[in-house]
Amino acid sequence: MGKIKVIGVMSGTSLDGLDLCHVVFNLENLSDFKIANSTTIIYPKNISEKLYNIVDKNITEINKIDIDYGTFIGESINNFISDLNLNDIDLISSHGHTVFHQPDIGKTLQIGNGKIINKITGIKTVNNFRAQDLSLNGQGAPLVPIGDKILFSNFKYCLNLGGFINLSIKLGNDIIAYDICPFNTVLNFYSRKIGYEYDEDGLISSRGKVNSNLFNELNSISFYSKTNPKSLGIEFVINQIFPLINNYKICEEDILATFVNHAALQISKNINDSEKVLLSGGGTYNKNLVAILQKKYSINTHIPEKQIIDFKEALIFALLGVLRVQNKVNCLKSVTGAIKDHSSGEIYG
C-alpha cells in the first residue's frame with residue numbers, strides 16, 4: 001500500500017506563528033491519514049514585523065518579504081526535519097501568508113516563495129493555491145472544504161475559528177463553504193492594546209459588558225447579508241471593523257465582549273439544526289465563545305483532539321498538495337463560485 005509523506009505549512013492572518021504538520025497519507029485512500037508530528041514556530045521579531053501591516057507596503061518591499069519569508073519557511077522546515085530525524089519527506093505544501101485578498105476586483109496575494117522553499121529544502125513544493133481560482137472567476141477561498149469533505153466526512157458542519165471564522169456545510173454529496181466574520185484578527189488587536197498577545201481562554205471578553213449599540217452596528221454590516229460564495233481579507237477588518245469599533249469610546253474588555261457575542265450570533269445564523277459541529281482553530285480555546293454558542297444558541301459543538309484543533313488547516317493543506325501533484329480536483333466551484341472544479345497550486349521541483 002503506497003504512502004506519501006507530506007509537510008503541510010499554514011500561516012494564519014492573526015500572525016500567531018507558522019504551523020508545520022507532518023502527515024502520512026495512504027495513496028489508495030487519502031481519508032486514511034496519520035499526523036505523525038506537528039509544531040508551531042513562533043515568529044521571530046524580524047519576521048512578524050515584516051508581516052505586520054504588509055498590506056501597506058509597496059510591491060518592491062512585498063517582493064523582498066516574499067523571498068525573506070520563503071527563506072524562513074524553508075529553514076524552519078529543514079530544522080523540523082533534522083530535529084525529528086525525519087527522512088523521505090515527499091512533498092511540502094504551503095498556504096503562504098495572505099498579503100491581500102480582494103476577489104471582487106480579482107486580486108489575491110500569498111507570499112512565502114515556493115521556489116525558494118524548494119531550493120532550500122530540496123523537496124518538491126506546492127504553493128499559491130488561490131490565484132488560479134480567481135482566474136476562473138472564483139473567490140479563491142475558502143480552500144479548506146475539500147479537506148472537510150475527504151478527511152472529516154462524518155461532520156455536516158466544520159467551523160474554523162481562526163483569524164477569520166469560516167464554515168463548511170455538507171449537503172448530500174455537495175459541500176458549500178464561506179467566511180462568516182473576522183475573529184482573532186480583531187480579538188488579538190484589542191488584546192495587544194492592554195498588554196496581552198491574545199485573549200487566553202476568552203477570559204478578558206468574559207469579564208466585559210456587551211455594548212448593545214456597537215453590537216447592533218456590527219451585525220448590520222452588509223457583508224453578513226450577502227449570500228455565498230463570499231470570503232474576507234484583512235482589508236475588511238482595517239476598512240470596516242476597526243473604524244466602526246473605534247467610533248465608540250469603550251474599554252477593551254467591553255470591545256472584546258461585544259465582538260465575541262457578535263461572532264457567536266453570526267455563527268448561529270448559519271447553523272440551523274442540531275447536527276454536530278466540528279470546531280478547529282485557535283478560537284476553539286476561547287471558552288467564552290464556545291459557552292455562548294452552546295448555551296445561548298444551543299449549537300452542538302464537538303471539540304476534537306488538540307492536534308486537530310491546532311493543525312487542521314496545515315493538515316488540509318498537506319492534502320491539497322497531494323491532490324495537486326496527482327492533478328486531482330482540490331478546489332471546488334460549489335465553494336468558490338469558479339466556473340469549474342479544478343486542481344490548483346504551483347509546483348516547484
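These numbers were taken from a predicted model, which means no experiment stands behind them.

Caption draft 1: Spotlight on the packing of helix H6 (residues 184-193) against helix H10 (residues 252-268). Where H6 contacts H10, the two axes come as close as 9 Å, and the packing angle between them is 170°. When the axes of H6 and H10 are compared, the pair comes out roughly antiparallel. Where H6 abuts H10, its residues Val-186, Leu-187, Tyr-190, Ser-191 and Lys-193 lie against Glu-252, Ile-255, Leu-256, Phe-259 and Val-260. Grouping the constituent residues of the contact of H6 with H10 by class yields 7 nonpolar, 1 polar and 2 charged.

Caption draft 2: Just the pattern of salt bridges, in detail. Inspection of every chain in the model, using the stated rule, returns 10 salt bridges. Residues Asp-104 and Lys-226 are paired through a salt bridge, measuring 3.7 Å at the closest nitrogen-oxygen approach. Residue Asp-104 is found in the loop between strand E5 (97-102) and strand E6 (107-111), and its partner Lys-226 is found in the loop between helix H8 (212-219) and helix H9 (234-246); the two are separated by 122 residues along the sequence. Since its relative accessible area comes to 63%, Asp-104 is described here as exposed. Judged by its relative accessible area of 42%, Lys-226 falls in the partly exposed class. Here Asp-273 ties to Lys-156 by a salt bridge, and the two come within 2.6 Å at their closest N and O atoms. In this pair, Asp-273 sits in the loop between H10 and strand E11 (277-280) while Lys-156 sits in the loop between helix H5 (145-151) and strand E8 (157-161), placing the two residues 117 residues apart along the sequence. Through salt bridges that share partners, Lys-50, Lys-64 and Asp-68 make up one connected network.

Caption draft 3: The side chain of Asn-211, seen in detail. Mapped onto the fold, Asn-211 is located in the loop between helix H7 (203-207) and H8. For Asn-211, the side chain forms a polar contact with the main-chain nitrogen of Asn-213, separated by 3.2 Å. Apart from the residues within four sequence positions on either side, Asn-211 is in contact with Tyr-248, Ile-250 and Thr-258.

Caption draft 4: Spatial organisation of the pairing of strand E9 (residues 164-171). Extensive coverage of E9 is indicated by the burial of 7 of its 8 residues. Across 5 bridges, E8 lies against E9 in antiparallel orientation. Within E9, the position partnered with Cys-158 by the bridge is Ser-168. Counting the residues in the hairpin turn of E8 and E9 gives 2 residues. Note that E9 and strand E10 (residues 174-182) share 8 bridges and pair antiparallel. Its bridge partner being in E10, Ile-169 is matched across the sheet by Ile-176. Joining the antiparallel neighbours E9 and E10 is a turn of 2 residues, in which Gly-172 adopts a positive phi near 65°.

Caption draft 5: A look at the sheet that holds E11. If you walk across this open sheet you meet the 5 strands as E10-E9-E8-E11-E12, and the pairing is mixed. Each edge of the open sheet is held by one strand with a lone partner, namely E10 and strand E12 (301-302). Sheet analysis places E11 next to E12, joined by 2 bridges and oriented parallel. Paired with Leu-278 across the strands is His-302, a residue of E12.

Conventions and cut-offs
- Residues numbered from 1 in each chain as written.
- Predicted model: local features only at pLDDT ≥ 70, side-chain atom pairs only at ≥ 80, totals over all residues.
- Heavy atoms only, no water.
- Axes fitted to C-alpha atoms, helices over the stretch in contact; angles between N-to-C directions.
- Helix = DSSP H or I, 4+ residues; strand = E, 2+ residues; numbered from the N terminus.
- Parallel < 35°, antiparallel > 145°, perpendicular 65-115°, else oblique.
- Contact = heavy atoms within 4.5 Å.
- Nonpolar A, V, L, I, M, F, W, Y, C, P; charged D, E, K, R; others polar.
- Salt bridge = Lys/Arg side-chain N within 4 Å of Asp/Glu carboxyl O.
- Buried < 20%, exposed > 50% of the residue type's maximum accessible area, 1.4 Å probe, protein only.
- Polar contact = N/O pair within 3.5 Å; in protein donor to acceptor, adjacent residues only side chain to side chain.
- Pairing = 2+ DSSP bridges.

By themselves, these observations are geometric and do not establish any function.
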